[in-house]
Amino acid sequence: MKEFKITKLTPNDMKYVKMMVQELAEFEKMPDGPKLSIENFQADLKNNRFFGFIAMSEIDDEPAGMALCYMAYSTWEGPFIHMEDLYVRPRFRKSGLGKNLVVAVCKEAKDKNYQRVQWNVLDWNPAREFYNKLGASNLSEKEGWLAYRLEPEQIAKIASKEI
């Protein structure tokens, strides 16, 4: 098993974050999705818009994975962690690193008494098997929740009352 050092994200990690966000987008078959620069990530981290953890390989000091999160709010349970991205680079998969990153996120939730950690996953992503092994609930199956999104064009139309 490879050895990793998992630490909280710092502004100096944002070059690795940007790289891994792009790798994840390519894996998710959306390579043109990421639009943020290293400076955007640094500013957003500084302004507490997100937080997370990075895993570095202790063997070659190479970034191996990350968990990026932000705070969300439930009117039933209060603040909770939304895990936006959990990513382990291909050569580090099957090493236990994904589990260790989830452990870091869950420790943060437990330490702050948050009642849930939540995330989205594409229906074809093989990571679903990993999430099931963790005991995570598929909210689409369990409660019927579906994810919806408004894109910039719809936001502008609605905001200008053109609906």
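Each value, and the rule that gives it
Counting restarts for each chain: residues are numbered from 1 in the order of the written sequence. Only residues with pLDDT of at least 70 are given local features in this predicted model, and only at 80 or more are side-chain atom pairs given and counted; all residues enter the totals for whole chains, interfaces and linings. Hydrogens and water molecules were not included; the side-chain quantities draw on all heavy atoms of the structure. Only DSSP runs of H or I reaching four residues or more are called helices, and only runs of E reaching two or more are called strands; each is numbered from the N terminus. Each residue is placed in one exposure class: buried if its accessible area under a 1.4 Å probe, protein chains only, is under 20% of its type's maximum, exposed if it is over 50%, and partly exposed if it falls in between. Here a patch means residues that are over 30% exposed by relative accessible area and free of salt bridges, tied together within 9 Å if like-charged and within 5 Å if nonpolar (Val, Leu, Ile, Met, Phe, Trp, Tyr). Methods summary: accessible areas were calculated by the Shrake-Rupley approach with a probe of 1.4 Å, and residue burial reflects only the protein chains presented. The salt bridge definition used is simple: a Lys or Arg side-chain nitrogen within 4 Å of an Asp or Glu carboxyl oxygen. Buried and open spaces are told apart on a 1 Å grid over the protein atoms alone, a cavity being a set of points where a 1.4 Å probe fits but cannot get out and a pocket being an open set with protein on both sides within 12 Å along at least five of seven lines. Residues with an atom within 4 Å of a point are the lining residues. Grid points are joined across faces, edges and corners, and a volume is the space filled by probe spheres set on the points. Strands are labelled as partners when DSSP assigns at least two bridges between them. By definition, residues are in contact when any of their heavy atoms lie within 4.5 Å. To get an axis, a line is fitted to the C-alpha atoms, and for a helix only the part in contact is used. The angle between two axes follows their N-to-C directions and goes from 0 to 180 degrees.

## A short note on unusual backbone geometry
Then, number 1: Even without a glycine there, the phi angle at Asn-48 is positive, about 60 degrees.
Then, number 2: By the secondary structure assignment, Asn-48 is in the loop between α2 (38–46) and β2 (51–57).
Then, number 3: Positive phi, normally seen in glycine, also occurs at Lys-94, with a value near 65 degrees.
Then, number 4: Looking at the element boundaries, Lys-94 is found in the loop between β4 (78–88) and α3 (97–111).
Then, number 5: The class for Lys-94 is exposed, based on a relative accessible area of 88%.

## Examining a nonpolar patch on the surface
Then, number 1: On the surface, Leu-150, Ile-155, Ile-158 and Ile-163 cluster together into a nonpolar patch covering about 410 Å² of accessible area.
Then, number 2: The topology assignment puts Leu-150 in the loop between α5 (139–142) and α6 (152–159).

## Considerations on the layout of surface pockets
Then, number 1: In this structure, the second largest pocket spans a volume of roughly 210 Å³.
Then, number 2: Going through the elements one at a time, β2 and β3 (63–74) are the ones with two or more residues in the lining of the second largest pocket.

## Quick word on the pairing of β2
Then, number 1: Among the seven residues of β2, seven are classified as buried, and the element is accordingly described as predominantly covered.
Then, number 2: Where burial is concerned, the two faces of β2 agree: the one with Phe-51, Phe-53, Ala-55 and Ser-57 and the one with Gly-52, Ile-54 and Met-56 are both buried.
Then, number 3: Alignment of strand β1 (residues 4–8) against β2, held across five bridges, turns out to be antiparallel. Bridged to Lys-8 within β2 is Phe-53.
Then, number 4: When β2 meets β3, the two strands line up antiparallel, connected through six bridges. Residue Ala-55 lies in a different strand from β3, and its bridge partner there is Gly-65.
Then, number 5: Count of turn residues in the β2/β3 antiparallel hairpin: five residues, of which Asp-61 carries a positive phi of about 55 degrees.

## Let's talk about the sheet that holds β2
Then, number 1: Strand order in the open sheet formed by five strands is β1-β2-β3-β4-β5, and the pairing between neighbours is mixed. A single partner strand is all that each edge strand has here, and the edge strands are β1 and β5 (117–118).
Then, number 2: Against the sheet, helix α1 (residues 14–27) engages β2, β3 and β4, with an angle of about 85 degrees to β3.

## Considering the environment of Lys-46
Then, number 1: Within the fold, Lys-46 resides in helix α2.
Then, number 2: Each C-alpha atom, one on Lys-46 and one on Glu-141, is 37 Å from the other, the two residues being 95 residues apart in sequence.

Honestly, that's just the spatial picture; any functional story needs more than this.
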